[in-house]
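# Structural description and commentary
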Amino acid sequence: MGGETVLIAFDSTQQALRAEMLLEYADIEIDTRPTPKEITAGCALSIEFPLPDYSQAKTIMDEQQVIIRGYFRQFADRYQEIDESGNRKEQEK
């Protein structure tokens, strides 16, 4: 998978497997992989997919009520949570 990607982290394996099935059904190219250490999540599985598919994937997760920990992108070798537009979320103070 080349180019920029988005990673979905989950708090349960059941939700990760459900998301995997839904994204594959929508023909989104995904890669199921271990959750990076810097992301605190209850599940060891994450799903990575190309950034251009972010809007479609997010819509599917929302419509199907898949419970997720968050959406993340890698910025300067570190994963950070992203907003609706795919940009870095502002850190809460």
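Up top you'll find the structure we're talking about.
Summarised in this report is the structure supplied together with it. (Residues numbered from 1 in each chain as written. Predicted model: local features only at pLDDT ≥ 70, side-chain atom pairs only at ≥ 80, totals over all residues. Heavy atoms only, no water.)

### What about the overall build of the protein?
Each helix and strand counted, the protein has two helices and five strands in total. Secondary structure elements in the protein, listed N-terminal to C-terminal, are β-α-β-β-α-β-β. For 93 residues, the compact-globule estimate of 2.2 N^0.38 gives 12 Å, and the protein sits close to it at 12 Å. By its C-alpha atoms, the protein is 35 × 25 × 25 Å across when sized along the principal axes. (Helix = DSSP H or I, 4+ residues; strand = E, 2+ residues; numbered from the N terminus. Rg over C-alpha atoms; globule rule 2.2 N^0.38 Å.)

### A look at the sheet that holds strand β4 (residues 70-75)
Across the sheet, five strands lie side by side as β2-β3-β1-β4-β5; this open sheet has antiparallel pairing. Two strands close off the open sheet at either side, each with one partner strand: β2 (31-34) and β5 (78-81). The sheet shows a mean angle of 35 degrees between the axes of neighbouring strands, taken without regard to direction. Of the pairings in the sheet, the one linking β4 to β5 comprises four bridges and is antiparallel in character. Within β5, the residue paired with Gln74 across the bridge is Tyr79. On the sheet, helix α1 (residues 13-25) packs against β1 (5-9), β2 and β3 (45-50) and is oriented at approximately 25 degrees with respect to β3. Set on the sheet, helix α2 (residues 54-63) makes contact with β1, β3 and β4; between it and β4 the angle comes to about 160 degrees. (Pairing = 2+ DSSP bridges. Axes fitted to C-alpha atoms, helices over the stretch in contact; angles between N-to-C directions. Contact = heavy atoms within 4.5 Å.)

Everything listed here is a matter of geometry and, on its own, says nothing about what the molecule does.
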